[in-house]
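# Report on the structure
These are the residues of each chain, in order.
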Number of protein chains: 2
Amino acid sequence: MYKIAFIGFDTVAKGLAEILIEKKSLLKEIYDFDFKVIAISDPIVGMIYNPLGISLEKALYLCKEGKKLDEELGEPGWDSLKVVKESEADIILEATPTNLETGEPGITHIKEALKAGKHVATTNKGPIALFYKELVDLSKEKGVELRFEGTVLSGTPTLNLALHDLAGIEIVEIRGIVNGTTNFILTEMEKGKTYEEALREAQRLGYAEAKPDADVEGFDALAKIVILSNVLLGGNLSPGDVERRGITELTLDDIERAKGEGKRWKLIAKAKKEGGRVEASVSPEPVSKEDFLYHIMGVINAVQFKTDILREVTIVGPGAGGREAGYALLTDMLDIHRTLKGRN
Amino acid sequence: MYKIAFIGFDTVAKGLAEILIEKKSLLKEIYDFDFKVIAISDPIVGMIYNPLGISLEKALYLCKEGKKLDEELGEPGWDSLKVVKESEADIILEATPTNLETGEPGITHIKEALKAGKHVATTNKGPIALFYKELVDLSKEKGVELRFEGTVLSGTPTLNLALHDLAGIEIVEIRGIVNGTTNFILTEMEKGKTYEEALREAQRLGYAEAKPDADVEGFDALAKIVILSNVLLGGNLSPGDVERRGITELTLDDIERAKGEGKRWKLIAKAKKEGGRVEASVSPEPVSKEDFLYHIMGVINAVQFKTDILREVTIVGPGAGGREAGYALLTDMLDIHRTLKGRN
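This is a predicted model, so every value here is computed, not measured.

Moving on, we get to the interface of chain B and chain A. Each partner contributes to the interface: chain B provides 45 residues, whereas chain A provides 44 residues. A buried area of about 3900 Å², summed over both sides, lies between chain B and chain A, and 56% of it is on carbon and sulfur atoms. Our count for the contact surface shared by chain B and chain A stands at four salt bridges. Summed over the shared surface of chain B and chain A, the result is 24 residue pairs in polar contact (both at pLDDT 80 or more). Elements supplying a minimum of two residues to the side of chain B that touches chain A: α1 (11-31), α6 (159-165), β12 (312-318) and α12 (322-341) of chain B. A total of eight residues in the side of chain B that touches chain A trace back to one element, the largest contributor, which is α12(B). In terms of strand pairing, strand β12 (residues 312-318) of chain A meets β12(B) through three bridges, oriented antiparallel. Across the sheet, residue A:Val316 finds its bridge partner in β12(B), namely B:Thr314.

Here you go:
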């Protein structure tokens, strides 16, 4: 029976909460994975701490009603730092917002959790893009597990695919469409919308935020290619090492010109190992029909691995969404469980 | 240090042998996977048994020179049944040819190996398509591991992806192009070749056998969709339960007519869970541009999983090849290793 704590309880964590409610008995039955939520800590929805167990149904209900979680037990919950340091949680689910400059508040949560001997699963790109090696070293030193499938392509298996299913294979190049918002905007522009119109449509559908820079300027894709480079190609890149261009300068004229040549603009994130060096970039490129990425439309994402044995292997799936990213935390917990206990 | 034995030493096993030679030290260093080959048994290239260890370099060299393996030690090797029953091998690599009617000789090798308490990794579709549940029960009863990633899409992770990376997710439908030979022939016919010309080209390139029925009549795809259905959808299908049509009746006219409608013929293998029932079929279908499988050309394979949480996840990669299928046996061994020891 794992004791788990949610640090951050926004869309992704709520997506996971829904899945955990639906699948609780299945997870116990098939994977022998049993759990109890003992803390939720979020600056907006509030804090609740109860070592006897918290009802996720109740927590989601309170959020929906716009009520603070604190009120539930009639006593204040623990703040996130107290939870990661002092609670008896076995697994910390870190799902606070990404900050690509400092990695905060995620990096502090993760470090303190690992130091306190707790396993961590996170969807937060900041800490992994900025401090991957440091965090892995710390987790090894402390003998605990760190997982972060959801930092790339939400719950679509990408890191697990490469690390587990492609074990023993050398990945020499990675190339993909790793941001759904920009791919949606480019897809809409192909239909004749201007950049501004397409962006507004993306915002209306909830794919883009009111302040869309993280997506349209390529920062989100940048974080992901840094993570893929460092985790899978053995790179040691910082976000500042990666050439980055977003899609804001693309005009309908550019789109039309590419179309005339049988091509399509895509925001391509790529990384390559050459000699001992890893180089990565994020940039819009006109890609041709023969290129598999040409056919990836809308909010779908895709990552291609060029390998030494299997030539090219491509994974295609959703790159965002509350339940989709929430699932990544579940797959991470199941992987931690399998690592700790052996399967069956 | 695992003691491993090759049962069957044709293209796939030789592909694995090459990989094991190249990666031996890496496998030890990164995955703590160390091995010694103690037996090779094949009706054509011969038999060699040596508990002190067999040089794979030497074995490949003898094969290349057209020499029997038996000659190497100056004494006869053990036959396959003796190896699986009496040798001290920990892992049996079963890579004999597929027989979809009886499952032999693979089924006997696998059963006897499991009964003797040995782990098994196989690329042989026959035993898994015909006797999956029985073999899984036997492996559980004996407390040993059975893996067969290479029975579908060669080394491209498909079963592992679904079982491991998509753990906790419900797969409700599977659809794919799972036979490279027929997809190559259809791709060539799109370029204007007749069926016969395209088949000859496939034979010239080694994609199709002299007697191509297993591929072109859809038997290979049938075996794969039965395996996917039974392993991932909880089905209990026999090959005879599945509607099967091959591509031999497709004419250039059919191809052209589809082209006129913006479509392409593909040999589609699919399976669906509805209520408690699983239904599967293999049949050529005209698919449209919006369908991802439209864009899978040549010998490449693809499988789409429709799921309850991640909508559609698609894996694309090579579906055949000696090294590619040989790798499947390596990924299986590493998975067995991980299951036995827990990851680091």
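The operation relating the pair of chain copies consists of a rotation about an axis and a translation along that axis. Take chain B, turn it by 180 degrees, move it 0.0 Å along the axis, and it overlays chain A with an RMSD of 0.0 Å. When the rotation and shift are considered jointly, the pair of chain copies conforms to a two-fold rotation axis. Looking at the interface residues of chain B, 96% of them are also at the interface in chain A, so both copies use one shared face.

We now examine the packing of helix α1 (residues 11-31) of chain A against helix α12 (residues 322-341) of chain A. All names here are of chain A. Close contact between α1 and α12 brings their axes to 7 Å; oriented N to C, the two are set at 45 degrees. It follows that α1 is oblique to α12 by the angle criterion. Note on packing geometry: the crossing formed by α1 with α12 is right-handed. From α1, Thr11, Val12, Gly15, Leu16, Glu18, Ile19, Leu20, Glu22, Leu27 and Tyr31 reach across to α12, where they touch Gly322, Arg323, Ala325, Gly326, Tyr327, Leu329, Leu330, Met333, Leu334 and His337. Here the residues of the contact of α1 with α12 sort into twelve nonpolar, five polar and three charged.

Once that is clear, we can look at helix α4 (residues 106-115) of chain B. All names here are of chain B. When you tally the buried positions in α4, you get seven out of ten residues, the bulk of the element. Among all positions in α4, only Gly106, Ile107, His109, Ile110, Glu112, Ala113 and Leu114 are buried. Buried residues along α4 sit in contact with β1 (2-7), α3 (80-86), β4 (91-94), β5 (119-122), α5 (125-142) and β6 (146-147). Backbone geometry just after α4 places Gly117 at a positive phi near 80 degrees.

A few words on the side chain of B:Thr156. Checked against the element boundaries, B:Thr156 lands in the loop between β6 and α6. Under the relative-accessibility criterion, B:Thr156 is labelled buried at 0%. Once you skip the residues sitting within four places of it in the chain, B:Thr156 turns out to touch A:Leu310, A:Val313, B:Glu149, B:Ile315, B:Val316, B:Gly317 and B:Pro318.

Turning next to the packing of α5(B) against helix α10 (residues 219-232) of chain B. Axis angle and axis distance: for two packed helices, these are the angle between their axes and the distance between the axes, and together they describe the pair. All names here are of chain B. Closest axis-to-axis distance for the α5/α10 pair is 9 Å, and the angle between their directions is 35 degrees. Taken as a pair, α5 and α10 cross one another with a handedness that is left-handed. Residues Lys125, Ile128, Ala129, Tyr132 and Lys133 of α5 lie in contact with α10, whose contacting residues are Asp220, Ala223, Lys224, Val226, Ile227, Asn230 and Val231.

Let us look at the sheet that holds strand β5 (residues 119-122) of chain A. Residues and elements named next belong to chain A. With respect to topology, six strands assemble into an open sheet ordered β3-β2-β1-β4-β5-β6, the strand pairing being mixed. Of all the strands in the sheet, the pair left with one neighbour each is β3 (46-49) and β6 (146-147). Strand direction decides the pairing type here: β5 and β6, joined by two bridges, are parallel. Bridge assignment links Ala121 to a residue of β6, and that residue is Arg147. In the packing of α1 onto the sheet, contacts are made with β1 (2-7), β2 (35-42) and β4 (91-94), and the angle to β1 comes to roughly 155 degrees.

What follows is about the pairing of strand β3 (residues 46-49) of chain B. Residue and element names in this part refer to chain B. Relative to β3, strand β2 (residues 35-42) is paired through four bridges, and the arrangement is antiparallel. Across the sheet, Ser41 pairs through a bridge with Met47, a residue of β3. The turn joining β2 and β3, which pair antiparallel and follow one another in sequence, is formed by three residues.

The next point concerns the nonpolar core. Of all hydrophobic cores here, the largest spans 215 residues; its most connected members are A:Phe6, A:Leu20, A:Ile40, B:Phe6, B:Leu20 and B:Ile40. Listed in part, the 18 residues of the second largest apolar core include A:Val287, A:Ala302, B:Val287 and B:Leu293.

Residues and elements named next belong to chain B. Scanning the entire structure with this criterion turns up 13 aromatic pairs over all chains. Plain terms: the ring middles of Phe33 and Phe35 are 6.0 Å apart, the flat faces sit at 35 degrees to each other, and that makes the pair tilted. On the basis of relative accessibility, which here comes to 0%, the residue Phe33 falls in the buried class. Judged by centre distance (3.7 Å) and plane angle (20 degrees), the ring pair of Tyr49 and Trp78 falls under stacked.

Criteria and cut-off values
- Position numbers for residues count from 1 along each chain, tracking the sequence in the order it is written.
- Both sets of labels track the order of writing: A upward for chains, 1 upward for ligands.
- Local features in this predicted model are restricted to residues whose pLDDT is 70 or higher, and side-chain atom pairs enter the listing and the counts only when it is 80 or higher, whereas totals over whole chains, interfaces and linings include all residues.
- Side-chain measures were taken over the full set of non-hydrogen atoms in the model, leaving aside hydrogen atoms and water.
- Here a residue-residue contact requires only that any non-hydrogen atoms of the pair lie within 4.5 Å.
- In short, buried area is how much 1.4 Å probe accessible area vanishes from two parts on joining, totalled over both.
- For this analysis, a salt bridge means a side-chain nitrogen from Lys or Arg found within 4 Å of a carboxyl oxygen belonging to Asp or Glu.
- The term polar contact refers here to a pair of N or O atoms within 3.5 Å; inside protein, the definition further demands a hydrogen-donor-capable atom paired with an acceptor-capable atom, and it admits residues adjacent in sequence only when both atoms are side-chain atoms.
- Secondary structure counts use DSSP, requiring at least four H or I residues in a row for a helix and at least two E residues in a row for a strand, with both numbered from the N terminus.
- Here, strands pair whenever DSSP counts at least two bridges between them.
- Least-squares superposition of the copies uses the C-alpha atoms of those residues scoring a pLDDT of at least 70 in each of them.
- Every axis corresponds to a line fitted to the C-alpha atoms, with the helix fit spanning only the stretch in contact, and the corresponding angles, defined between N-to-C directions, vary from 0 to 180 degrees.
- Any angle that is under 35 degrees is reported as roughly parallel, and any over 145 degrees as roughly antiparallel; angles of 65 to 115 degrees are reported as roughly perpendicular and all others as oblique.
- Rotating anticlockwise by less than a right angle from the far helix to the near helix defines a left-handed crossing, while the corresponding clockwise rotation defines a right-handed one.
- Asp, Glu, Lys and Arg are counted as charged, while Ala, Val, Leu, Ile, Met, Phe, Trp, Tyr, Cys and Pro are counted as nonpolar; the rest, among them Gly, fall into the polar class.
- We call a residue buried when its accessible area falls under 20% of the maximum for its residue type, exposed when it is over 50%, and partly exposed in between, using a 1.4 Å probe and counting protein chains only.
- The set of buried Ala, Val, Leu, Ile, Met, Phe, Trp, Tyr and Cys residues whose side-chain atoms join them within 4.5 Å is what this entry labels a nonpolar core.
- Stacked, tilted and edge-to-face are the three classes assigned to paired rings of Phe, Tyr and Trp, where Trp is represented by its six-membered ring and a pair needs centres within 6.5 Å; plane angles under 30 degrees give stacked, over 60 edge-to-face, the rest tilted.

Such coordinate-based values are descriptive only and should not be taken to indicate function.
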